[in-house]
Amino acid sequence: MTQLSAGICTRLNEASPDEIDALGSGYTVQLLSIKKVNQTTSAVASIDRYRIIISDGVHFVQAMLATQLNDLVGRGDIVKNSIVVVDKLTCNFVQDKRLIIILDFRVVSRDEEKIGNPVPAPNSSGAPASTATETPEASTSMATPQPVVSSNRPIAARSAATGRQGRSVYPIEGLSPYQNNWTVKARVTNKSEVKSWSNQRGEGKLFSVTLMDETGEIRATGFNAAVDELYDKFEEGKVYYISKGRINLAKKKFSNVQNDYEMTLEKNSEIEECVDTTNLPMIRYNFIPLSTLETLQKDATCDVIGIVKEVGPLGEVISKASNKSVAKRDLTIVDKSLYSVRMTIWGRQAETFAADDLPVVAFKGVKVGDFGGRSLSVLSSSYMTISPDIEEAHLLRGWYDGIGAEKSFQSHSNAMSSGGPSFGGFNRNEMRHISDVKDSQLGMSDKADFFSVRATVMHIKSENIAYPGCPAQGCSKKVTDMGDGWRCEKCEKAYERPEYRYIMSMAVADWSGQAWFQGFNETGVAVFEKTADEVMEIKERDEHEYNALMAQSAGKTFNFSCRAKQDTYNEQTRVRYGISKLSQLDYYEEAKHLRDLIKESSWAQ
């Protein structure tokens, strides 16, 4: 039978605020109960909270699990009567009531019989603790603790590591609207730019920071005067003491931070950088393999770590909210699960990102998308670290430098969830032939279907191969010839000449049949290896040279990643096959794929 740490529950229940840190770690306890706390807030997508009862074989006390340990409950790693070794805890004292929060522990044994016949631990006065009315055996549900209304009485709390006497250092997880006199010690993991707004109620500006300690994270926002006073005091990556803010229910539509509450910073909020280098909160990740992205819901957030295998060019998109251009860049990251995924970064990160040496990059709180398959996108509250000094990064670096660089990676692009090695979004194991695409009626449902096919260009419609587009960066709208210039209605500007962009329709074929594919500018550049401006100049200068170019482009074979979707035109409904991406055959990648097929086949064993 496992030996429990006798007396620890009594010590936890009797310790003064100054004695909590002196209790150390490494004590063995039994979990007599694990119950989900009923949420009383109306916040959307609230975080599960678990209350546990820990026993030393003689006494028991109640505690809360830090939210980063919730996965242990969900996976069944801990159950009733499991034995664990507590490595780290904290305690929140409010009006003589204590809230013990377990931050970290190791599972010794999952399934055990109950040890001893523990009773509620006595408090410092010798009387049983408030948990005496609820024994572990009789407990079938856990009530949510009632809000503690603040009063003028001083709140007893453990002092910060720097000896800030009289200042209550609270764990972020313990903050609520019912507490006023608090201080948190937190690391800034994300700092937004200053944003302005204007509506019927007036004008203003705001900024936000994401704060993190070892118990959780919270979003803090400052408005108007607070922006002028506090914005320059925050710096990403640094640790601060923060006090004199307000705690409110979180507005989930403005934030994806996993907390039911958020902090509002006032002009008189106190921000002080922590110069003490001990006990600083570190960023806690909950990495998932890239291979499991298909199991997550659209718009969910997750933490991933991977090798940056490809860095796309810097581009721009027009924000629907602000109608302003925003810089973007697509990265392709891979990990040990032999999957790759497209990660989109934005703004300053996209503009300054440089990765010539295939670095390890850790992402916290990125958003899962489902356009064309699983993809990831960095949010304003996400955190990206290049070459982080953590164990997972060192292990991934060693694996990739050792054997990973020679591996083939399966892409999440184009909704191929069960295929094999891929290159540039093309999935070889899920490659279909054209007759199969038609027989399977891809694109006939309400949602678009995605597929990969290898086909040869047979004919290109040459009549209307390009249109005059707006030359402004980030705008590709068609422009109108006004005689003295070309006008873009979207930009409300006139230009001396347009920038032609491809809009192609071409017949492709494989051994099973033929189909018409539609593509845009990137498709034309890949097929002709010329810009649309160059091709249109040839067409205007020499019709014979133009026809020869069309003929030369036929007969080329490509790997196509396509999107099938119903389209209605002139009251006729048909399926259109749009080209999402195409790439020339890479015979090195093709050879590696055939090699892997041989290795995996049963007759080659």
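For the structure given in this document, a descriptive report is provided here. (Residues numbered from 1 in each chain as written. Predicted model: local features only at pLDDT ≥ 70, side-chain atom pairs only at ≥ 80, totals over all residues. Heavy atoms only, no water.)

1. Quick word on helix H8 (residues 532-541)
Along an α-helix, a turn takes 3.6 residues, which lines up residues three or four apart on a common side. Taken as a whole, H8 has its buried residues at Ala532, Val535, Met536 and Ile538. One face of H8 carries all of its buried residues, which in axial projection span an arc of 155°. Packed against the buried residues of H8 are strand S26 (466-469), strand S30 (499-502), helix H7 (521-528) and helix H9 (543-553). (Buried < 20%, exposed > 50% of the residue type's maximum accessible area, 1.4 Å probe, protein only. Helix = DSSP H or I, 4+ residues; strand = E, 2+ residues; numbered from the N terminus. Arc of directions from axis to C-beta. Contact = heavy atoms within 4.5 Å.)

2. Structural notes on the side chain of Glu262
Within the secondary structure, Glu262 is located in strand S13 (residues 261-273). Not counting the four nearest positions on each side in its chain, Glu262 is found in contact with Ile218, Arg219, Arg246, Ile247, Asn248, Leu249, Ala250 and Lys251.

3. Structural notes on the sheet that holds strand S27 (residues 480-481)
Reading across the sheet, the three strands line up as S27-S28-S29 and stay open at both edges, with antiparallel pairing between neighbours. Each edge of the open sheet is held by one strand with a lone partner, namely S27 and strand S29 (493-495). In this sheet, S29 lies alongside strand S28 (residues 486-488) in antiparallel orientation, the contact comprising three bridges. Looking across to S29, one finds that Cys488 is bridged to Lys493. (Pairing = 2+ DSSP bridges.)

4. Quick notes on the environment of Leu265
Topologically, Leu265 is positioned in strand S13. Classification of Leu265 by relative accessible area gives buried; the value is 2%. Through-space distance from the C-alpha of Leu265 to that of Gly222 is 4.7 Å; in sequence the pair is 43 residues apart. Look past the residues within four positions of Leu265 in its chain and what remains in contact with it is Phe207, Ala220, Thr221, Gly222, Phe223, Ala226, Leu230, Phe234 and Ile242.

5. Some points on the state of the cysteines
Two cysteines whose sulfur atoms are joined by a covalent bond form what is called a disulfide. All told, the structure shown has zero disulfides when counted by the stated rule. Cysteine Cys470 is unpaired, with the sulfur of Cys491 as its nearest cysteine sulfur at 3.8 Å. A relative accessible area of 1% places Cys470 in the buried class. (Disulfide = S-S within 2.5 Å.)

6. Concerning the pattern of salt bridges
Following the criterion strictly, the structure yields 22 salt bridges and no others. A salt bridge links Arg110 to Asp111, with the nearest nitrogen and oxygen atoms 3.0 Å apart. Assessed through its relative accessible area of 37%, Arg110 is described here as partly exposed. The shortest N-O distance in the salt bridge between Asp567 and Arg576 comes to 3.9 Å. Classification of Asp567 by relative accessible area gives partly exposed; the value is 26%. For Arg576, a relative accessible area of 32% translates into the label partly exposed. (Salt bridge = Lys/Arg side-chain N within 4 Å of Asp/Glu carboxyl O.)

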